[in-house]
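So you can see what is in the structure, the chains are spelled out below.
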Amino acid sequence: MHVSELRSEDELREAFPVMHELRTQLDEAAYVDRLRTMTSGGYRLLALRDGGRIVALAGIEVATDLHLGRHVWVHDLVTRADVRSRGHGAALLAHVEELARREGCDTVALSSGVQRLDAHRFYETRMGYRRTAYTFGKRVAAD
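Throughout this description, residue numbers start from 1 for each chain and increase along the sequence as written. Restriction of local features to residues with pLDDT of at least 70 applies here, the model being predicted, together with a cutoff of 80 or more for giving and counting side-chain atom pairs; totals for whole chains, interfaces and linings are based on all residues. The side-chain values count all of the structure's non-hydrogen atoms but skip hydrogen atoms and water molecules.

Visitor: Describe the sheet that holds strand S2 (residues 44-50), and please don't skip the residues or the numbers.
Guide: Here, any two strands with at least 2 DSSP bridges between them count as paired. Put simply, DSSP H or I for four residues or longer makes a helix, DSSP E for two residues or longer makes a strand, and each gets a number counted from the N terminus. Pairing is mixed in the open sheet, where five strands are placed in the order S1-S2-S3-S4-S5. Strand pairing shows two members of the sheet lacking a second neighbour, strand S1 (2-6) and strand S5 (107-110), which therefore form its edges. For this sheet, the mean inter-axis angle between neighbouring strands, taken without regard to orientation, is 30 degrees. Bridge analysis of strand S4 (residues 69-79) against S5 gives four bridges, and the strand direction is parallel. The residue of S5 that forms the bridge with Val74 is Leu110. Here the axes come from fitting lines to C-alpha atoms, over the contacting stretch only for helices, and the angles between their N-to-C directions go from 0 to 180 degrees.

Visitor: Go over the side chain of Thr79, please, and point to the residues and values.
Guide: Residue position: Thr79 is located in strand S4. Any two residues whose heavy atoms approach within 4.5 Å are treated as being in contact. Those residues in contact with Thr79, other than ones at most four positions away along the chain, are Glu21, Val55, Ala56, Arg84, His88 and Gly89.

Visitor: Could you give an account of the packing of helix H1 (residues 9-22) against helix H2 (residues 28-40), with specific residues and numbers?
Guide: Contact pair H1 / H2: the axes reach a minimum separation of 10 Å and the direction vectors enclose 125 degrees. Considering the angle they form, H1 stands oblique to H2. Considering the relative orientation of H1 and H2, their crossing is right-handed. Facing H1, whose interface residues are Glu9, Leu12, Arg13, Ala15, Phe16 and Met19, H2 presents Glu28, Tyr31, Val32, Leu35 and Arg36. Gly falls in the polar group here, along with every residue not listed as nonpolar (Ala, Val, Leu, Ile, Met, Phe, Trp, Tyr, Cys, Pro) or charged (Asp, Glu, Lys, Arg). Residue classes in the contact of H1 with H2 are distributed as seven nonpolar, no polar and four charged. By the definition adopted for this analysis, an angle is roughly parallel if under 35 degrees, roughly antiparallel if over 145, roughly perpendicular if from 65 to 115, and oblique otherwise. Left-handed describes a crossing whose near helix is turned anticlockwise from the far helix by less than a right angle; the clockwise case is right-handed.

Visitor: Which residues make up the nonpolar core, and what values do they have?
Guide: In this structure, Leu93 and Val96 are the most contacted members of the largest nonpolar core, which totals 25 residues. It is helix H3 (residues 88-102) that contributes the most residues to this core, six residues altogether. Beyond its immediate chain neighbours, meaning those up to four positions away, Val96 contacts Leu46, Ala58, Ile60, Val72, Val74 and Val108. To define a nonpolar core, start from buried Ala, Val, Leu, Ile, Met, Phe, Trp, Tyr and Cys residues and group those joined through side-chain atoms within 4.5 Å. Residue burial is assigned from relative accessible area. The probe radius is 1.4 Å, only protein chains are included, and a residue is buried under 20% of its type maximum, exposed over 50%, and partly exposed in between.

Visitor: With reference to specific residues and values, describe the packing of aromatic side chains.
Guide: The description of two aromatic rings rests on the distance between their centres and on the angle between their planes. Any two of the Phe, Tyr and Trp rings considered here, Trp counted by its six-membered ring, make a pair once their centres fall within 6.5 Å; the pair's planes then place it as stacked at under 30 degrees, edge-to-face at over 60, or tilted in between. Under the counting rule described, the total for this entry stands at three aromatic pairs. An aromatic cluster is built from Phe122, Tyr123 and Tyr129, whose rings are joined through pairwise contacts.

Visitor: Before we move on, can you summarise H1 with the specific residues and values?
Guide: With 14 residues, H1 ought to run about 20 Å at 1.5 Å a step, and its terminal C-alpha atoms sit 19 Å apart, in line with that. Think of it this way: the bend at a residue is just the angle between two axes, each fitted to seven residues, one set ending at that residue and the other starting at it. When the local axis directions of H1 are compared, the greatest deviation, roughly 50 degrees, occurs at Phe16, which is followed within four positions by the proline Pro17. Of the residues making up H1, those classed as buried are Leu12, Ala15, Phe16, Val18, Met19 and Leu22. Looking at the buried side of H1, the elements it contacts are S1, H2, S2, strand S3 (53-65) and S4. Under the convention used throughout, the expected extent of a helix is 1.5 Å for every residue step, that is, one less than its residue count.

Here it is as structure tokens:
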């Protein structure tokens, strides 16, 4: 298994089928368009490859805020459904944690949809994360 940062548009497009398993609302054009904006703002997309193919992704950002100080925020974390529970997600998240240490961060943090109970079990029991907050949102765009 090998982790690398995806930088070129071709690499980002290669990752779309895996990311689409998490972000089903996006088509490939919207995904690429959003990534262009996000990567210019500090977002980084890491891919874990097994046998040369992308099997897991982590979309991260190193940030500083008043609450967490310097930290890595995990915006996206997904493993292909057909290879889950084989250690790919744990290996990728461990890589993110090591990257956080190298970047001088105190914390790795993320939010997870309330319906993702298997993911919550993974974060808490397998990776040692604690539930520390609820995340709220309200749609304000006109339909």
